[in-house]
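Summary of structural features
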Amino acid sequence: MAKRPELCPVETTARIVGGRWKAAVLEQLFQSTKRFSELKRAIIGITQRTLSQQLRDLQSTGIVERTVYADTLRPLLETMCHWGKSHAAAMALKKLRASDRQQ
């Protein structure tokens, strides 16, 4: 089996960051850390599938690092909890007033 010749550093770099979308993805990430949806909105014309694949490619080569933020639903759930408590209190007060009127 013939041994494949080693790639020069420029060719290696071109293979890793080359392609239609990787430069656009990297440009956005150089500006600031962004969530997937922010990248999707910022890169006009890229599909969700393509963006996912480009990010996976860049991650597998060590160019980008993925961080999962667990707090995505926390503000929504806290707001729902607060509303539920205040609504339950309002309903309890309403029932109390209704029972006072009946007596």
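Reference entry: report on the structure contained in this document. Along each chain, the written sequence defines residue order, and numbers are assigned to residues from 1. Reporting in this predicted model follows two pLDDT cut-offs: at least 70 for local features of residues, and 80 or more for side-chain atom pairs to be given and counted; totals over whole chains, interfaces and linings ignore these cut-offs and use all residues. Side-chain metrics in this entry use all non-hydrogen atoms of the structure; hydrogen atoms and water are not considered.

In this text, helices come from DSSP runs of H or I with a minimum length of four residues, and strands from runs of E with a minimum of two, each type numbered from the N-terminal end. Within the secondary structure layout, lysine 34 lies in the loop between helix 2 (22-31) and helix 3 (36-42). Working definition: with a 1.4 Å probe on protein chains only, accessible area under 20% of the residue-type maximum means buried, over 50% means exposed, and in between means partly exposed. Positive charges come from Lys and Arg, negative ones from Asp and Glu, while His and the chain ends are left out of the count. Here a salt bridge means any side-chain nitrogen of Lys or Arg lying within 4 Å of a carboxyl oxygen belonging to Asp or Glu. There is no salt bridge for the buried lysine 34, and the closest opposite charge comes from glutamate 38, which lies 6.7 Å off by N-O distance. Among the polar contacts made by the side chain of lysine 34, one reaches the main-chain carbonyl oxygen of glutamine 28 at a distance of 3.1 Å. Nitrogen and oxygen atoms within 3.5 Å of one another constitute a polar contact, given that in protein one can donate a hydrogen and the other can accept it, and given that sequence-neighbouring residues count only through two side-chain atoms. Within the structure, lysine 34 has its side chain in polar contact with the side chain of serine 32 (distance 3.2 Å). Ignoring sequence-local partners within four residues, the contact set of lysine 34 consists of Gln28, Leu29 and Leu39. The criterion used for residue contact is that any of the two residues' heavy atoms lie within 4.5 Å.

The subject of this paragraph is the layout of surface pockets. Cavity and pocket criteria rest on a 1 Å grid covering protein atoms alone: a 1.4 Å probe that fits but cannot get out defines a cavity, protein on both sides within 12 Å along at least 5 of 7 lines defines an open pocket, and an atom within 4 Å of a point defines a lining residue. Grid points are joined across faces, edges and corners, and a volume is the space filled by probe spheres set on the points. The calculated volume of the largest pocket comes to roughly 590 Å³. In this structure, the largest pocket is lined by 18 residues; those nearest its centre are Lys34, Phe36, Glu65, Arg66 and Thr67. In terms of residues, the lining of the largest pocket owes the most to one element, helix 4 (residues 48-60), which gives 4 residues. Ten residues, namely Ala, Val, Leu, Ile, Met, Phe, Trp, Tyr, Cys and Pro, are considered nonpolar, four, namely Asp, Glu, Lys and Arg, are considered charged, and the remaining ones, Gly among them, are considered polar. Of the residues in the lining of the largest pocket, the class split is 7 nonpolar, 6 polar and 5 charged.

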